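Remarks on the overall topology
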Amino acid sequence: MNTIVALLATFPIVFFFSLLFEGIDRKIHARMQKRIGPPIIQPFYDFIKLFNKERIVPVTAASGIFTAVPIIAAAVSILGAAIPVVNLITGTSIVGDLILVLYLLAMSSVMVMIGGSSSGNPYGAIGFSRKMTMMIAYEIPMLISIASLSFNPCFSLAYYDVVATQIRMKSLLAFTRLSMAVAAATFLLCVPAAADAVPFDISEAKTEIIHGSLIEYGGPYLALIKLAKAASNFTLAFLAATLFFYVPALFEGYVSLGLGVALCLCLVTSLIFMLLTTTVPRTIFARLKIGQAFKFYWLIPLTLSMLSVALSIVGL
Amino acid sequence: MTDKSDDAKEIKVDYTRLRIPFGPVHPALKEPISLRVTVRKEEILDVDIRLGHVHRGIEALAENRNLVQTLYLVERICGICCHSHTTCFTQAVEEIGGIKPSERALYLRTLIFELERIHSHLLILGLVGYDIGFETLFMFCWHVREEVLDLFEEITGNRVHHAMNTIGGVRWDLPPHLIEKVNVSLKKIEKSAKYIYDVFQDKTVEKRLCEVGVLSYNEAQELCIVGPTARGSGVSMDVRRDYPYAAYKELKDRFSVVLKYGADTYARTEVRISELFESINLIRTILDELPNGSISMEESVLKLMREIPEGETVSMVEAPRGELLHFVKTDGKEGLRRLKVRTPTLANILGLKPMLIGGEIADIPVTLASIDPCIGCANRITVVDEDQGEVRVIGLEDLRRRGRKR
Amino acid sequence: MSVTARSRIKSPWLFHLNTGSCNGCDLEIVAALTPRYDVERLGCVLVGSPRHADVLLVTGPVTRQMLPRVIRVYEQVPEPKVVVAIGSCASSGSPFLGSQMIEGPLDKIIPVDVYVAGCPPRPEAIVMGIVTAVKRKFG
Ligand code: SF4
């Protein structure tokens, strides 16, 4: 019971920070292009506006699936974001482990994909097949990099255990062991693809397939899907920041940080990670083709993730 | 008819084949063009090109207007290469009327011409960037382009439709303080063009452009491809050098025709970037050698127009996209009997089919951008619609219907 | 002003429809996105699907071939929506008036909220047109 209340209480926090992060991302993206850019709270305006627009369900769409999908996607990815936050705040591993979080994130992508293909638009179908290919490409290295945590002695797949270990060691996980550094690198390489950012935004390329799966969505449905995207981007950044780089651990033993300060530090680090993994590539790269992206993921991150598993087994 | 239905059956059986409409309303296109693309997964099997969405009946309109009105109408054929159109048209009219514009006027025409080439090439380089998802490159190219537009505004008073040409000369002079300004801006543009050149060497950009939309030398010659698209396939052609007009007669040796042999999208992009530098140099030469004299005739344009006899001629210029051709037939009473415009895009768009087939969906926008289509230009042709197995000239029935109503 | 109205004014998403223009207006619309004018500072984004849009920017004098598409795109935009006619062509059909191929001007076909005159209008004028339209309709 308590856990459910805690999770529900975290929903507004997640909502707020995911949209805020998106706003910062857009602002910095614009500044890097020498533009002024939208106000930081722009995503909130977008959300409210979209939410109050007309609902249109195209005649070609399977209306049941089409309307249900955005709600599920948003709920699932906010839940995915809430789990690590709750665990961090309560300092226990009461709800869910890392596999569940990753599963929820993947689920939200799959939902959007299904929604797109149920719209009856050929571009939605192409978006579906592209996203499918991309998911096969990045989910595997990402899963392995997380799973390699558990190959280490004294680690488990429970989220707070990893954080607690970092606190105990008074250091960042990625800096303590070689295997973990490799795993962190893999995870960070996978983030742009999971976040659908250029150069890996192949599944919703605007100029190629008109936003892919999103093409027929409008109004509240689009608002929910955008929220789902923002929340999963937030989760990815938050996971990267706390799993591998739990900065408050560095202060352990010198000053005692309150929970609030620790949380703020985590948010700041996740913001930095989001800027590094999403905003910067988005600004400085061109979009890859699906084959090239697939090759990239199976060449570099997959090898790296294997390496991290091998290293953990060896005990490095 | 029979093979059509066979085709349909095949599509029905083969569920992996998907027919996607690309356009006429599509974010990668700034103008409507319709491609029916048949794909299997990501691979393109067939392409069908439909034009005519922008058919505004300009050629027919021109027949009801007098020469000066038509001058402003041909300018509205296209907003990107408007100066090419007016130059081509005025040249034809001047030839019929035996009018010789002053040297200074010709040089000024050429100056605007080259500025237009810079602006057009920057525009399309930006759009290539946009189509491959490289928004920053797009922003940068268009930012540089604003510099050229500022020059246009200072010289002619307009950002887009310059209305610089008039029968017998040009409408605006270039005072010395503007020459200074052009020089300063050119420096900035050159610096940025170098930077753009570097950016196009970027790995992801190269990955998207190399080996995409290949059009071999032979195909380019067979299909009569023109302009930078042909030069990217190694076909050496340039109206400025082959049939010099305006001030190019004197400036013929002052620029070189850029040729690349890659035959892919990257080569075409490279041609455009190199032409930026050629144009910048050419403008510098023009500014140095600008002759003195008046810029237009003593008489007013209307008087000149009245004196134009009956006659017909063909005039050609090298627009930013390639060879542009106007056929003009005057009726000796201020008006036109026939105007025919053959734009470079119309020639180049035929090359799309060999370029696209065998490629991927992801390549469509960038290949399309690489031939630099200007649909507004291409659409004054009558389109032959073979959908029903018949040859139907779009607009003709409508014309008849309307004619009967009157 | 209610929160909804305020967010509508603050985030007008644009969809650009070319109905046979000469490119001039389209260029200026795209130029309005670029660093010097940057409409994104007002929350505008150029979207690719009419389903996402709030503001329909229409250029060109509406040729016969584009007529059904104009209507279809207009219907695809979810309510509340604003239509801005960009350029003299869309506002009055100016240079092409009298051609048999032209069905326009635009207001004969769909309701237009704001006309931006000019051939082509400057990007500043286009931005101004968008802002006026949105303020008037949603404010
Ligand atoms: S108003 Fe002028 S610039 Fe705009 S589309 Fe019409 S002719 Fe072109």
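Residues numbered from 1 in each chain as written. Chains lettered and ligands numbered in written order. Predicted model: local features only at pLDDT ≥ 70, side-chain atom pairs only at ≥ 80, totals over all residues. Heavy atoms only, no water.

Within chain C one finds five helices and five strands. Ordered by position from the N terminus, the helices and strands of chain C form the series α-β-α-β-β-α-β-α-β-α. Along the first, second and third principal axes, the C-alpha set of chain C runs to 45 × 30 × 25 Å. Within chain C, the fraction of its 139 residues that count as buried is 68%. Accessible surface computed for chain C: about 4400 Å², of which carbon and sulfur atoms make up 56%. Each charge class in chain C was averaged separately, 15 positive and 11 negative side chains, and the resulting centres sit 3 Å apart. (Helix = DSSP H or I, 4+ residues; strand = E, 2+ residues; numbered from the N terminus. Buried < 20%, exposed > 50% of the residue type's maximum accessible area, 1.4 Å probe, protein only. Areas by Shrake-Rupley, 256 points an atom, 1.4 Å probe, with all protein chains shown as cover. Lys, Arg positive; Asp, Glu negative; His and termini not counted. Charge placed at Lys NZ, Arg CZ, Asp CG, Glu CD.)

What follows covers the site of the ligand. Residues in contact with the ligand, as listed here, are Arg76 and His161 of chain B together with Ser21, Cys22, Gly24, Cys25, Gly87, Ser88, Cys89, Gly118, Cys119 and Pro120 of chain C. Counting only elements with at least two residues in the shell around the ligand, the list comes to helix 2 (24-31) and helix 4 (87-92) of chain C. With three residues, helix 4 of chain C is the single largest residue contributor to the shell around the ligand. Its residues placed into classes, the shell around the ligand shows five nonpolar, six polar and one charged. (Near = heavy atom within 4 Å. Nonpolar A, V, L, I, M, F, W, Y, C, P; charged D, E, K, R; others polar.)

This part covers the packing of helix 3 (residues 67-75) of chain B against helix 4 (residues 82-97) of chain B. Residue and element names in this part refer to chain B. Taken N-terminus to C-terminus, the directions of helix 3 and helix 4 make an angle of 150°; their axes are 8 Å apart at the nearest point. The angle between helix 3 and helix 4 places the two elements in the roughly antiparallel class. The handedness of the crossing between helix 3 and helix 4 comes out as right-handed. Contacts between helix 3 and helix 4 pair Leu67, Thr70, Leu71, Val74 and Glu75 from the former with Cys82, His85, Thr86, Phe89, Thr90 and Val93 from the latter. Here the residues of the contact of helix 3 with helix 4 sort into six nonpolar, four polar and one charged. (Axes fitted to C-alpha atoms, helices over the stretch in contact; angles between N-to-C directions. Parallel < 35°, antiparallel > 145°, perpendicular 65-115°, else oblique. Left-handed = near helix turned anticlockwise from the far one by under 90°. Contact = heavy atoms within 4.5 Å.)

Moving on, we come to the confidence of the model for chain B. Caution applies to low-pLDDT parts of the model: their predicted coordinates are not meant to be read in detail. Residues and elements named next belong to chain B. Across chain B, the average pLDDT comes to 75, with 82% of residues at or above 70. Every residue in residues 1-15 scores below 50 in pLDDT, and together they form seven contacts with partners more than four places removed in sequence or on other chains. Every residue in residues 380-406 scores below 50 in pLDDT, and together they form 36 contacts with partners more than four places removed in sequence or on other chains. (pLDDT = per-residue confidence, 0-100.)

Residue position: arginine 159 of chain B is located in the loop between helix 6 (135-156) and strand 4 (165-166). Of note is the side chain of arginine 159 of chain B, whose polar atom sits 3.0 Å from the side chain of tyrosine 37 of chain C. (Polar contact = N/O pair within 3.5 Å; in protein donor to acceptor, adjacent residues only side chain to side chain.)

Our next topic: the interface of chain B and chain C. On the side of chain C, 40 residues touch chain B, which itself brings 44 residues to the contact. Taken together, chain B and chain C are joined by four salt bridges. Linking arginine 122 of chain C and glutamate 153 of chain B is a salt bridge whose minimum nitrogen-to-oxygen distance equals 2.4 Å. Linking chain B to chain C there are five residue pairs in polar contact (both at pLDDT 80 or more). Those elements that provide at least two residues to the side of chain B that touches chain C are helix 2 (58-63), helix 5 (103-131), helix 6 and helix 19 (396-405) of chain B. The element that contributes the greatest number of residues to the side of chain B that touches chain C is helix 6 of chain B, accounting for ten residues. When its residues are assigned to classes, the side of chain B that touches chain C shows 21 nonpolar, nine polar and 14 charged. (Salt bridge = Lys/Arg side-chain N within 4 Å of Asp/Glu carboxyl O.)

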